Amino acid sequence: MKIEKYHAEHLGIELSGAELAQWVKRYSTIVESKVVNAPAVLGVDAFLRSETLPLYVISGTPEDELLRIVTARGWDEHFEEVHGSPRLKPVIIEDILARTGLARDRVLFVGDAMTDYNAAQDTDLAFLGRVAPGDENLFPEGTTLVDDLTGLSDFVRA
């Protein structure tokens, strides 16, 4: 773990289990606060306010933390379900599809990471990749890309 390694290699401190737990909690609190207070991707708020389709969050973020973030941002009312780690994205997708009866060919996975792309590929879902301006595009050639989510409702309906 990075926290243990940093303390040991750079500070010469061996952390006890309790000390490590305190540092992990402190780090998690800082990261969560930064995410909650970060500007939303352009177009997200308008999309969430206008969309009537069932929407789901599937993330690699720990689920308890993800639920707090979605709630703190006021987005919880817009999503049918919010799922995070430790479950893997393809497992979550298959579970949602099985329970809801959503047609695989009518589902769009919007993501900004290769784990999102891979989950969509593994479960035969259409994929829309978001690459922020100035960021490196890690998606394979031919992937449909956007730099923000303005116009997402129009894209979904097309």
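To be clear, the structure that these remarks concern was listed above.
In this report, we go over the structure that sits alongside the text. (Residues numbered from 1 in each chain as written. Predicted model: local features only at pLDDT ≥ 70, side-chain atom pairs only at ≥ 80, totals over all residues. Heavy atoms only, no water.)

## Details of a nonpolar patch on the surface
In step 1: Together, Y6, L11 and I13 give the surface a local cluster of nonpolar side chains, amounting to about 280 Å² of exposed area.
In step 2: Take Y6: its relative accessible area is 46%, and that puts it in the partly exposed class. (Patch = residues over 30% accessible without salt bridge, like charges linked within 9 Å, V, L, I, M, F, W, Y side chains within 5 Å. Areas by Shrake-Rupley, 256 points an atom, 1.4 Å probe, with all protein chains shown as cover. Salt bridge = Lys/Arg side-chain N within 4 Å of Asp/Glu carboxyl O. Buried < 20%, exposed > 50% of the residue type's maximum accessible area, 1.4 Å probe, protein only.)

## With respect to the sheet that holds strand β3 (residues 108-111)
In step 1: If you trace the three strands from one edge of the open sheet to the other, you get β3-β4-β5, paired in parallel fashion. Two strands bound the open sheet, and with one partner strand each, they are β3 and β5 (145-146).
In step 2: Where strand β4 (residues 126-130) and β5 come together, two bridges link them in parallel fashion. Residue pairing for β5: G129 is matched across the bridge by L145. (Pairing = 2+ DSSP bridges. Helix = DSSP H or I, 4+ residues; strand = E, 2+ residues; numbered from the N terminus.)

## What about the packing of helix α1 (residues 2-11) against helix α2 (residues 17-37)?
In step 1: Their axes nearest at 10 Å, the elements α1 and α2 cross at an angle of 115°. In the packing of α1 onto α2, the handedness of the crossing is right-handed. On the side of α1, the interface is formed by I3, E4 and H7, while α2 contributes L20, W23, V24 and Y27.
In step 2: A class-by-class count of the residues in the contact of α1 with α2 yields five nonpolar, one polar and one charged. (Axes fitted to C-alpha atoms, helices over the stretch in contact; angles between N-to-C directions. Left-handed = near helix turned anticlockwise from the far one by under 90°. Contact = heavy atoms within 4.5 Å. Nonpolar A, V, L, I, M, F, W, Y, C, P; charged D, E, K, R; others polar.)

## Some details on the nonpolar core
In step 1: Counting 14 residues, the largest nonpolar core has I93, F109, L125 and F127 as its most contacted members.
In step 2: Contributing elements (two or more residues each) for this core: α5 (89-100) and α6 (114-122).
In step 3: Sequence-distant contacts of L125, that is, excluding residues within four places in its chain, are made with I93, L97, R104, V107, F109 and A120.
In step 4: Within the second largest apolar cluster, 13 residues are counted, among which are V57, L66, V82 and L149. (Core = buried A, V, L, I, M, F, W, Y, C linked by side-chain atoms within 4.5 Å.)

## Some details on the pairing of β4
In step 1: With four of its five residues buried, β4 lies for the most part within the structure.
In step 2: In the sheet, β3 pairs with β4 via four bridges, with the strands oriented parallel. Directly across from G111, in β4, lies its bridge partner G129.
In step 3: Where the polypeptide runs from β3 across α6 and back to β4, its parallel neighbour, the crossover connection is right-handed. (Right-handed = clockwise from strand over helix to strand, strands pointing away.)

Nothing here speaks to function; it is all geometry.
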